[in-house]
Amino acid sequence: NRRLADIVRCSDDAIFSITTEGVIQTWNPGAERTYGYSAGEILGRSIHILAPSDRAAEVNENLEKVRSGCEVKNLALVRMRKGGQQIAIHLTVSPTTDLAGNIVGASTIARDITEKKRAEAALRQSEVQYRFLFESNPVPMWVFDRNSLRFLAVNQAAIRQYGFTQQEFLAKTITEIRPEEDIP
């Protein structure tokens, strides 16, 4: 099917097939970009080359699932590029069958999510820093909903200055603690 072959060839995702023993049989350009191996370098080699050595059991477990006819769906895993750089991937492995219905291997689709993971980690770090600055600031600070004017968060300085507990603060609106001339 030429159209399907064109889709696989043009995909940014790594799409390749393996035998039930984990030998790589096909390798698309997306796999070359993701893992750094050309088809000539990788065809005929074990799928284990793509996993860190401490993840061999994980690869074997996924191969066993495929041999038993199960699909491995939506796993976030660590894999290796040529040269040893670790990457984060999102993986789906589906059993493939011959005309008689016997499982003969698997098709694998992997998406490099390394940059997404880095961005998520940076966001978490930014949130930790924001939370620290907010909580430790000596000036009373709060966050409130612009529509309802209800408090969403308050720092310790606000609690000390206004004398309300955090729960009491979160049950109030900003109009209940600020002077009337501040309300506009």
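See the structure printed just above.
Residues numbered from 1 in each chain as written. Predicted model: local features only at pLDDT ≥ 70, side-chain atom pairs only at ≥ 80, totals over all residues. Heavy atoms only, no water.

(A) Region of interest: the overall build of the protein. Scanning the protein from terminus to terminus reveals seven helices and seven strands. Secondary structure of the protein in N-to-C order comes out as α-β-β-α-α-α-β-β-β-α-β-β-α-α. Against the globule reference of 16 Å for 184 residues, the protein gives a C-alpha radius of gyration of 27 Å, more extended than a compact globule. Projecting the C-alpha coordinates of the protein onto the three principal axes gives extents of approximately 80 × 35 × 30 Å. Sequence separation of 24 or more characterises 32% of the internal contacts of the protein that already satisfy a separation of 6 or more. (Helix = DSSP H or I, 4+ residues; strand = E, 2+ residues; numbered from the N terminus. Rg over C-alpha atoms; globule rule 2.2 N^0.38 Å. Contact = heavy atoms within 4.5 Å.)

(B) Structural view of the sheet that holds strand 4 (residues 86–97). Strand order in the open sheet made by the five strands is 2-1-5-4-3, with antiparallel pairing throughout. The open sheet is flanked by strand 2 (24–27) and strand 3 (72–80), the only strands paired with a single partner. Mean inter-strand twist for the sheet, computed between neighbouring axes without regard to direction, equals 30 degrees. Its contacts with the sheet place helix 4 (residues 56–67) against strand 1 (14–19), strand 3, strand 4 and strand 5 (103–112), and it is angled at close to 150 degrees to strand 3. (Pairing = 2+ DSSP bridges. Axes fitted to C-alpha atoms, helices over the stretch in contact; angles between N-to-C directions.)

(C) Up close: helix 4. Taking 1.5 Å of rise per residue, the 12 residues of helix 4 would be expected to cover 16 Å, and the 17 Å separating its terminal C-alpha atoms lies within 8% of that figure. Restricting attention to buried positions, one finds in helix 4 the residues Val59, Asn62, Leu63 and Val66. Taken down its axis, helix 4 places every buried residue within 100 degrees of arc, on the same side. In the core, the buried residues of helix 4 are packed alongside strand 1, strand 3, strand 4 and strand 5. (Expected span 1.5 Å × (residues − 1). Buried < 20%, exposed > 50% of the residue type's maximum accessible area, 1.4 Å probe, protein only. Arc of directions from axis to C-beta.)

(D) Region of the structure containing the pairing of strand 2. Bridge count between strand 1 and strand 2: three bridges; the pairing is antiparallel. Residue pairing in the sheet places Ile18 in a bridge with Ile24 of strand 2. Remark: four residues form the turn of the hairpin made by strand 1 and strand 2, two consecutive strands paired antiparallel; Gly22 in that turn has positive phi of roughly 90 degrees.

(E) Main features of empty space enclosed by the protein. All told, the structure shown has one cavity of 30 Å³ or more when counted by the stated rule. If you add up the space inside the largest cavity, you get close to 180 Å³. If you go around the largest cavity, you meet 14 residues; those closest to its centre are Ile47, Val59, Arg79, Leu91 and Val93. Where the lining of the largest cavity is concerned, the elements lending two or more residues are strand 1, helix 4 and strand 4. By residue number, the principal contributor to the lining of the largest cavity is helix 4, which donates four residues. The class makeup of the residues in the lining of the largest cavity is 11 nonpolar, two polar and one charged. (1 Å grid on protein atoms, 1.4 Å probe; cavity = no way out; pocket = protein on both sides within 12 Å on 5 of 7 lines; lining within 4 Å. Points joined across faces, edges and corners; volume = space filled by probe spheres on them. Nonpolar A, V, L, I, M, F, W, Y, C, P; charged D, E, K, R; others polar.)

(F) Structural detail: unusual backbone geometry. Notably, Asn74 is not glycine yet its phi reads approximately 55 degrees, a positive angle. Its place among the elements puts Asn74 in strand 3. Notably, Leu149 is not glycine yet its phi reads approximately 65 degrees, a positive angle. Within the secondary structure, Leu149 sits in the loop between strand 6 (142–144) and strand 7 (151–154). Look at Leu149 and you get partly exposed, because its relative accessible area is 27%.

(G) Spotlight on the pattern of salt bridges. By the definition in use, this model includes 13 salt bridges. Two residues, Glu61 and Lys65, come together in a salt bridge whose shortest N-O distance is 3.6 Å. Of this pair, Glu61 and Lys65 both sit in helix 4, separated by four residues, roughly a single helical turn. Residue classification places Glu61 among the partly exposed positions, given a relative accessible area of 46%. Put simply, Lys116 and Glu120 hold a salt bridge, and the shortest N to O gap is 4.0 Å. One end of the pair, Lys116, and the other, Glu120, are both in helix 5 (residues 114–136), four residues apart, so they sit about a helical turn from each other. According to the relative accessible area criterion, Lys116 is exposed, its value standing at 52%. (Salt bridge = Lys/Arg side-chain N within 4 Å of Asp/Glu carboxyl O.)

(H) Structural detail: the side chain of Asn62. As for its placement among the helices and strands, Asn62 is situated in helix 4. Residues within four places of Asn62 in sequence aside, it is in contact with Val72, Leu75, Leu77 and Arg79.

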